[in-house]
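Chain by chain, the residues:
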Amino acid sequence: MLVQAVLPMSGSDQGKGEDVLDAQDRARFEQLVLPHLDAACNLARWLLRSRADSQDVAQEAMLRAYRFFRGFHGGDARAWLLQIVRNTCYTWLEKNRPVELMTEFDEELHPQPSTSPEALAIAGDNRERLTRALETLPPRFREVLVLRELEGCSYKEIASITAIPIGTVMSALARARQRLQRALTHASPQEASREL
Amino acid sequence: MSCDFTRTVLHGYLDGELDATGAAEFERHLECCRECTTALGAEESLRSSLQRSGLYENAPIALRKKIRAGLDAATASSRGIRIPAWRLIAVAAAVLVVAGVSWFSWPGPAKDSASTAPFTVAEIIDAHVRSLQPGHLTDVASTDQHTVKPWFNGKLAFVPPVKDFADEGFPLVGGRLDVLGGQNVAALVYSRRKHIINVFVLPTRETDTPIHPPGLRQGYQWRHWRRQGMEYCAISDVSDSDLYELAQLMYQ
C-alpha cells in the first residue's frame, strides 16, 4: 500500500463552508483546542523533521482547525486537532518533498534476532542518535511511534488520527519499533566513524 | 525470531491495550518464552529512552502569540477591536453590582457575568450535601436512561436530557427533584469510582456558554455551563479533571 493512497484531506476539513466565528466560539476554542498546541507542534516537528517548517505548519493547522471549529461536535479535541495537523503536514510534504512519501508502508522486514535490552539501552542513551534513528523511519512508522511514545495516545486515538484501522495499530507499532531498533543498533558506517 | 507473539501481542501488552484475559494469557506465555522476555525488556528499554530523551517538541511562546493574533483576525466581534482588560473588568464589576449579587454568588468569568446563574454556590453545595445523606440521593434509582428520563415527565415543566455514560466511566445512578433558588430543578446523579456527582439541570433563556472554569469551595468542585436552553451545574468531590470530562460528555 502506498502512503499516497491515504493522503486526501478528511471530509470534515474540506468543502464545507467556513463559518464566521464569534467571541463565544473563540472562548470555546481556547478552552478545548488551544491547550493542545504543544501536541500539534510535536507531531508536526516529527513528521516534517524540521523545527522551522513545523511551526509554520502547526500554525496553519491551528487556524484551519479554528475555521472549521463548528464542525467539531465534542469528543476528543486533541485527536480532532492532530488529525488536522497530520493532514496539513502530509499536504505540505506532498508539495515540498514528494519523494519522502513514496515509501512503502507494508514493507516486510527480514526477521532478525532480538536485540538485547542492554545494547538498546546504550544505543538509546544518546539523544542525537535517537533523533537520527527516528528520522530515518518512513513517516507512517514515525507518526505511530511519536503518537504512542511521546504523545501517549491510545490505540483508539492513533487509529482516529492516522486513519488506519484500529485492528492494525498494534502491528503497525510492532513494525515501527522493530525498524527503530534496527536503525539504532545498525548505525551506518559513516555514523559509527563519526562517533569514534 | 520464531515466536509470533513478539511481533504482535507483546506490543498490546507493552501498551496496556490487552484486556485482562489477554494480559494474563501473555504473562503465562512470558514465563516459558525466553524470546518474548528478552524482546519485552528491549522494548521497555527503548520506550524509556524515547521518553527520557527530551524529544518532545513544545510550542514556543512566539508561536502562541502568532496564533492568538490569527484567531483574533478570524473572529467576528474582535476584528480590529481590542478591548483593554481594564474595561472588561470595569464592565464585569458594574454588572455584578447591578445584578445585586452577593459576594457568595456565582464566580463566573468576567465575560459571562452579564448573565449570572439563578442560584448561588451555597445553594448548590447545600443541595449536593443533602443528597448525600442517607435516602436522599435519588427519587428514581435506575441506571437506565430510558427509565430516568420519562420519570421526570409531569413532575417538571421541562424535560432534562438524560444520558448514561457508563462506558465512559460515569454510570448513571438515577434522578431526583430538587429546588434551587426557589425553582424546581432536575438533579441527575452519576457515580465516579464510588464518588457521587450531582448534575443540576434547569431551563434558561440565556445563550449557550462554554464550560466555565472550575469553582472550588469546602472541598467541592463545580462546573457550570449553558447549552441549548438548559442550564447545567455539575458538582462533586471528584477531581476537576473527572468533573470536566463528564461536563464535556454532557456538552456534546
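Every chain is numbered independently, its residues counted from 1 as its sequence is written. All chains are assigned letters beginning with A, and all ligands numbers beginning with 1, in the order in which they are written. In keeping with the model being predicted, local features are shown solely for residues with a pLDDT of at least 70 and side-chain atom pairs are shown and tallied solely at 80 or more, while totals for entire chains, interfaces and linings include all residues.

This paragraph deals with the overall build of chain B. Each helix is a run of H or I in the DSSP string that is no shorter than four residues. Each strand is a run of E no shorter than two, and both are numbered from the N terminus. From N to C terminus, chain B includes eight helices and seven strands. A total of 252 residues make up chain B; the buried ones form 30% of that total. A residue is called partly exposed when the number of other C-beta atoms within 10 Å of its own lies between 12 and 20, exposed at 12 or fewer, and buried at 20 or more, with C-beta atoms placed from the backbone.

Residue and element names in this part refer to chain B. Pairing between strand β3 (residues 183-192) and strand β4 (residues 195-203): seven bridges, direction antiparallel. Across the sheet, the residue bridging to L188 is V199, located in β4. In this description, strands pair whenever DSSP reports at least two bridges between them. Once β3 ends, the chain turns through two residues before running back antiparallel as β4, passing R193 with a positive phi of about 45°. As judged from the seven bridges shared by β4 and strand β7 (residues 230-236), these two strands associate in the antiparallel manner. Paired with L202 across the strands is E231, a residue of β7.

All names here are of chain A. Every residue carries a pLDDT, the predictor's confidence in it, which falls somewhere between 0 and 100. Here chain A averages 80 in pLDDT, and 76% of its residues register 70 or above. Contact between two residues is assigned whenever their backbone-derived C-beta positions fall within 7 Å. Within the model, the stretch residues 1-16 combines pLDDT values under 50 with 22 contacts to residues more than four positions away or in other chains. When the criterion is pLDDT under 50, residues 188-196 qualifies, and its contacts beyond four places in sequence or with other chains add up to one contact.

The next thing to look at is the interface of chain B and chain A. Facing the 43 residues of chain B at the interface are 48 residues of chain A. Those elements giving two or more residues to the side of chain B that touches chain A turn out to be α1 (9-14), α3 (34-52), α4 (61-74) and α8 (240-251) of chain B. Of the residues forming the side of chain B that touches chain A, the biggest block, twelve residues, is contributed by α3(B). Nonpolar residues are Ala, Val, Leu, Ile, Met, Phe, Trp, Tyr, Cys and Pro. Charged residues are Asp, Glu, Lys and Arg, and all others, Gly as well, are polar. Per-class residue counts for the side of chain B that touches chain A are 15 nonpolar, 18 polar and ten charged.

Quick look at the packing of helix α7 (residues 139-150) of chain A against helix α8 (residues 155-162) of chain A now. Residues and elements named next belong to chain A. For every element, the axis is a line fit to its C-alpha atoms; helices are fit only across the contacting stretch, and the angle between N-to-C directions ranges from 0 to 180 degrees. Running from N to C, α7 and α8 cross one another at 140°; their axes reach a closest spacing of 10 Å. Taken together, the axes of α7 and α8 are oblique relative to one another. Crossing hand, α7 versus α8: right-handed. Contacts between α7 and α8 pair E143, V144, L147 and R148 from the former with I158, I161 and T162 from the latter. In terms of residue class, the contact of α7 with α8 is built from four nonpolar, one polar and two charged. In these notes the angle categories are as follows: under 35 degrees is roughly parallel, over 145 is roughly antiparallel, 65 to 115 is roughly perpendicular, and the rest is oblique. Left-handed describes a crossing whose near helix is turned anticlockwise from the far helix through less than a right angle; right-handed describes the clockwise counterpart.

A separate point is α8(B). Residue and element names in this part refer to chain B. For a helix, the expected span equals 1.5 Å multiplied by the residue count minus one. With twelve residues, α8 extends 16 Å from end C-alpha to end C-alpha; this agrees with the ideal 16 Å at 1.5 Å per step. Listed as buried for α8 are L243, L246, A247 and M250. Looking down the long axis of α8, one finds its buried residues gathered within 100° of arc, a one-sided arrangement. Its buried side turned inward, α8 meets β3, β4, β6 (220-227) and β7. Comment: arc refers to directions from the helix axis out to C-beta atoms.

This part is about unusual backbone geometry. Its identity is not glycine, yet A:A163 carries a phi of approximately 60°, on the positive side. Here A:A163 is to be found in the loop between α8 and α9 (169-185). In the Ramachandran plot, B:R193 falls in the positive-phi region, its phi being about 45° despite a non-glycine side chain. Position of B:R193 relative to the elements: it lies in the loop between β3 and β4.

Attention now moves to the sheet that holds strand β2 (residues 172-180) of chain B. All names here are of chain B. Read from one edge of the open sheet, seven strands run β1-β2-β3-β4-β7-β6-β5, paired in antiparallel fashion. Both edges of this open sheet fall to β1 (140-141) and β5 (215-217), since each of them pairs with a single strand only. Where α8 meets the sheet, it contacts β3, β4, β6 and β7, and its direction lies at approximately 20° from that of β6.

Below, the discussion takes up the nonpolar core. With 67 residues, the main nonpolar core has A:A40, A:L43, A:A44, A:A58, A:L81, A:V85 and A:L180 as its most contacted residues. With residues up to four places along the chain from it excluded, the contact list for A:A40 reads A:A58, A:A61, A:M62, A:L81, A:L82 and A:V85. Nonpolar core, as used here: buried Ala, Val, Leu, Ile, Met, Phe, Trp, Tyr and Cys residues forming one set through C-beta atoms within 7 Å. Residues B:V185, B:I197, B:V201 and B:Y232 belong to the second largest nonpolar core, which totals 34 residues.

A few words on α8(A). Residue and element names in this part refer to chain A. Listing the buried residues of α8 in full gives Y155, E157, I158 and I161. Looking straight down α8, one finds that the buried residues subtend no more than 160° of arc, so they occupy a single side. Residues of α8 that are buried sit in contact with α4 (77-96), α7 and α9. The first or second residue beyond α8 is A163, which carries a positive phi of 60°.

Attention shifts here to the environment of B:D242. With respect to the helices, strands and loops of the structure, B:D242 is situated in helix α8. Considered as a pair, B:D242 and B:F170 are 72 residues apart in the sequence and their alpha carbons are 9.2 Å apart.

Residue and element names in this part refer to chain B. Counting buried residues in β2 gives seven out of nine residues, a clear majority hidden from the surface. Here β1 pairs with β2 via two bridges, running antiparallel. Bridge assignment links V140 to a residue of β2, and that residue is G175. As defined by bridge partners, β2 adjoins β3 across eight bridges and the pair is classed as antiparallel. Looking at β3, one finds that V179 is bridged to N184. As consecutive antiparallel partners, β2 and β3 are separated by two residues, and within that stretch G181 has a phi angle of approximately 55°, a positive value.

Turning our eyes to something else, we now look at the confidence of the model for chain B. All names here are of chain B. Summing up the model confidence of chain B, the mean pLDDT is 82 and the portion of residues at 70 or higher is 85%. Counted against residues more than four places away or in other chains, residues 101-115, with its pLDDT under 50, gives 33 contacts. Interface confidence in the predicted complex, given as ipTM, is 0.80; pTM for the same model is 0.56.

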